[in-house]
Amino acid sequence: MASAPKTRLSSSFSRTSSSSSSSLNPHLKLGPNATTFISSGIPDLDKILGGFPLGSLVMIMEDAEAPHHMLLLRNFMSQGLVHRQPLLYASPSKDPKGFLGTLPSPGSSKEDKSRKISHEEGDLRIAWQYKKYFGEPQLNNNTNNGGQHDYCNDFDLRKPLERQFFSGMNVDCVSILDSPNLDALQDRCARFLSQFSRNEVSISSVGRIAIQSFCSPQCKYSNMEWHMLSFLRSLKGMARSSNAVVVVTFSPSLLPPSCSKRLQHMADTLLSVRAIPDEDKELAKLLTGYKDMVGLLNVHKVARLNTQVPVILDATTFSIKLHKRRFLVLECLNQAPVDGSSGSSYGTSGGCSGSTKTGTLDF
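Below is a summary of the structure that appears in this document.

Each value, and the rule that gives it
- Residues numbered from 1 in each chain as written.
- Predicted model: local features only at pLDDT ≥ 70, side-chain atom pairs only at ≥ 80, totals over all residues.
- Heavy atoms only, no water.
- Helix = DSSP H or I, 4+ residues; strand = E, 2+ residues; numbered from the N terminus.
- Buried < 20%, exposed > 50% of the residue type's maximum accessible area, 1.4 Å probe, protein only.
- Polar contact = N/O pair within 3.5 Å; in protein donor to acceptor, adjacent residues only side chain to side chain.
- Contact = heavy atoms within 4.5 Å.
- Salt bridge = Lys/Arg side-chain N within 4 Å of Asp/Glu carboxyl O.
- Arc of directions from axis to C-beta.
- Pairing = 2+ DSSP bridges.

Among the secondary structure elements, S242 is positioned in the loop between α8 (225-240) and β10 (244-250). Using a relative accessible area of 1% as the deciding quantity, one classes S242 as buried. A polar side-chain atom of S242 sits 3.0 Å from the main-chain carbonyl oxygen of A239. With residues up to four places along the chain from it excluded, the contact list for S242 reads L54, G55, L193, F196 and R198.

Structure representation (structure tokens):
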């Protein structure tokens, strides 16, 4: 009987009423196996993964032909800054602070409501009589106590984040362009993560680390494969003992296959983004809403801390869309109708006996 409360605590993450989580930090979510999540900054990605577990290493494989990974990285950074969570940002650019000016700002309540209505209309594509049989995860995105920000915000990609969020001592930017190796970055990460030790009884604050284009050829260490692997292994170990999440983007095409596989193996959560060709007629016939897609997101690995039970997702490939060219949206891929003119994925000869137009089926 003593284990029953533990089962209830870890069985559902979607709408917990635990007072301990809200008292520690309203921007955290309790998950199974004593796992605590922070938001990825993308509502749809939070619905898929639940968020990013504290102490985990998230790696995003870039597409060499398109900067779609920057969409995920910007939202991740903005979500942390809106929640007043300290951020360490490392980039191969000369002026990494300039990147902060491109971070998106939370959308207004009217825009959020418009997006939710649009999402509900899109969900009507699934027949209501079938949808009720599927347990759709629901995240509690309501406003937290005290009128604070949501667990996950909708970010307007056309509206820059207000300067007040990244001014002061809340953000630390590092340029890795001229660094001969990764020793200096490792020391910066160690000092940053030491602020969020897991040894504390309560989680008063959490941190975020974002490393952009880790294996960029512009960096002097880009040909030091074992040095990069050693850095990531050390970074993962430091993150595991802290209340922080580390997100690293890298391009697999710039690395030998063996090194790329090792980097991917390091990740707790592994994602990849890919651009969609403008004129792929075969793909356009295969998928619905092809013209509205800007790319594809693949989930290769889902973090499983404190357990060895794997996560089996309903889908691992999602389309990346921009709602009103402002809000980042992820949707499951839907197969295009067999007869495009009918507007339905069901064929006209789908009856078991005779014609379906008669309204009766003879089994």
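On we go from here.
So, about the pattern of salt bridges. Side-chain pairs of opposite charge can arise whenever the charged atoms involved come near each other. This model, assessed by the stated rule, comprises five salt bridges. Notably, a salt bridge pairs R326 with D156, separated by 3.3 Å at the nearest N-O pair. One end of the pair, R326, is in the loop between β13 (317-323) and β14 (327-332); the other, D156, is in strand β7 (residues 155-160), with 170 residues separating them in the sequence. Owing to a relative accessible area of 28%, R326 belongs among the partly exposed residues under this scheme. Residues joined by salt bridges that share partners form a network here, namely K236, R240 and D268.

What follows is about helix α9 (residues 257-266). Within α9 the residues assigned to the buried category are C259, S260, L263, Q264 and M266. Relative to the axis of α9, the buried residues are bounded by an arc of 155 degrees and lie together on one face. Looking at α9, the residues exposed on the side facing more than 90 degrees away from the buried face are P257, K261 and H265. Packed against the buried residues of α9 are β4 (57-61), α8, β10, β11 (269-275) and β12 (293-301).

Let us now look at the pairing of β4. Along a regular strand, successive side chains alternate from one face of the sheet to the other. Across the five residues that make up β4, a large majority, five, are buried. The alternating pattern of β4 places L57, M59 and M61 and V58 and I60 on opposite faces, both of which are buried. Note that β4 and β10 share five bridges and pair parallel. What sits directly across from V58, in β10, is V247. Across four bridges, the pairing between β4 and β11 is parallel. The residue bridging M59 from the neighbouring strand is L270, located in β11.

A few words now on the sheet that holds strand β2 (residues 36-38). Read across the open sheet, the three strands follow the order β1-β2-β3; overall the sheet is antiparallel. Of all the strands in the sheet, just β1 (29-30) and β3 (52-53) have a single pairing partner and so form its edges. Bridge analysis of β1 against β2 gives two bridges, and the strand direction is antiparallel. Residue pairing across strands places K29 opposite F37, the latter belonging to β2.

Turning to unusual backbone geometry, a few remarks are in order. Phi angles above zero are rare outside glycine, and S213 is one such case at about 50 degrees. Of note, the phi angle at K324 is positive, near 55 degrees, even though the residue is not glycine. Tracing the chain through its elements places K324 in the loop between β13 and β14.

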